[in-house]
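Understanding the architecture of this molecule
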Amino acid sequence: AAEDLDQPGTTGWRSDYGSPVRDAAAVLALAAESGSKALDLHALAGRVQYQRERQRYLSTQDNAWLLLAANALTQGSKDLRLDVDGTTREGAFYGSFDDARLKSGPVVIRNRGAGPVDAMVGVLGVPSVAPPAGGNGYSIERAYYDLDGRRVELIGVPQGQRLVAVLTVRADPAVAARLIVDDPLPAGFEIDNPNLLKSADIANVPGLALVDAPAHQELRSDRFVAAVERQTSDPGVFQLGYLLRAVTPGTYAQPPAAVEDMYHPARRAWTDAGSARVTGASR
């Protein structure tokens, strides 16, 4: 039976960061670069396309090797001749078409050469309505607390107030993984002094059990990002936290927080999007 690569755990743990897409693309890239006649490049490209169509999300390794494979294949496309909307083009063709162009009529591409031509089409867009919270293999919750341990919402936060942001990630099932946790800040808020997070200022937050040392974390001007390495023997729940401060009055959109297994990206989760409001400084 065909393996469903969008289901958690089907490809297992890969210490080499690989996946069926990455492996197939790497073989195709190396075969095309070497000019080998022992391998059927058309069949290899078909295998890559087959694996790509079955894998909804791609890792950085997948994308890198797909790019290398595409570049290697273009080295042999100098004799390619296409007609694109009535204009003759020599060699490989790359194009992008926006919504307005596609609404005006179909894009017509004809092969004017003697040999077969492979075409790959991708679609990129931004949803007009933010999707609801969800996930596959993980769930993530984002919560805020004042320094007295009371849970609060980012509505009517006085300018200058400090809060503790807590991200709780649950894995189902708990498996080895290299995770990225990404929490964009709403405009009007900034991450506060990270050294204060280790002080008694967060002692009142109930049930707080932060990861001692993520593999890497960045406190950026617009988001909190952490890389977390997990083993199968680790608990299925972990928490990350940081301090933030309300700095600029106004009402702002808040993007969702997300967690993703970097090398099995079908395993991911995200929170709801929302809004935040900062009021004038309290007196």
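Use the structure listed above.
Described in the following lines is the structure provided in the data block.

Basis of the calculations
- Residues numbered from 1 in each chain as written.
- Predicted model: local features only at pLDDT ≥ 70, side-chain atom pairs only at ≥ 80, totals over all residues.
- Heavy atoms only, no water.
- Pairing = 2+ DSSP bridges.
- Helix = DSSP H or I, 4+ residues; strand = E, 2+ residues; numbered from the N terminus.
- Expected span 1.5 Å × (residues − 1).
- Buried < 20%, exposed > 50% of the residue type's maximum accessible area, 1.4 Å probe, protein only.
- Arc of directions from axis to C-beta.
- Contact = heavy atoms within 4.5 Å.
- Polar contact = N/O pair within 3.5 Å; in protein donor to acceptor, adjacent residues only side chain to side chain.
- Axes fitted to C-alpha atoms, helices over the stretch in contact; angles between N-to-C directions.
- Phe/Tyr/Trp six-rings, centres within 6.5 Å; stacked < 30°, edge-to-face > 60°.
- Lys NZ or Arg CZ within 6 Å of the ring centre and 35° of its normal.

A word on the sheet that holds strand E7 (residues 157-158). Across the sheet, which stays open at both edges, the three strands sit in the order E7-E17-E14 with mixed pairing between neighbours. Two strands close off the open sheet at either side, each with one partner strand: E7 and strand E14 (250-254). Two strands pair when backbone bridges link them, and E7 and strand E17 (residues 274-279) are joined in this way by two bridges, in the parallel orientation. From the neighbouring strand, Val157 faces E17, where its bridge partner is Val278.

For helix H3 (residues 60-74), spanning 15 residues, the distance from its first C-alpha to its last is 21 Å, which sits close to the expected 21 Å at 1.5 Å a residue. Taken residue by residue, H3 has Asp62, Leu66, Ala69 and Ala72 as its buried positions. Each buried residue of H3 lies within a common arc of 125° when the element is viewed along its axis, so the set occupies one face. For H3, exposure combined with an orientation more than 90 degrees from the buried face picks out Thr60 and Leu67. Elements that come into contact with the buried residues of H3 comprise helix H1 (20-34) and helix H2 (41-54). You can read the cap of H3 off the contacts: a side-chain oxygen lies 3.3 Å from the backbone nitrogen of Gln61, and it is on Ser59.

It is worth spelling out the sheet that holds strand E11 (residues 216-219) at this point. The sheet built from six strands is open, its strands ordered E4-E16-E15-E9-E12-E11 with antiparallel pairing. Edge strands, defined here as strands with exactly one partner in the open sheet, are strand E4 (134-136) and E11. Between one strand axis and the next, the sheet turns through 10° on average, direction left out of account.

Considering all chains together, one arrives at two aromatic pairs under this definition. On the numbers, 4.8 Å between centres and 15° between planes, the contact of Phe224 with Tyr242 is stacked. One end of the pair, Phe224, is in strand E12 (residues 223-230); the other, Tyr242, is in strand E13 (residues 237-246), and 18 residues separate them in sequence. Looking at Arg268, its charged tip hangs above the ring of Tyr57, at a distance of 3.8 Å from the centre.

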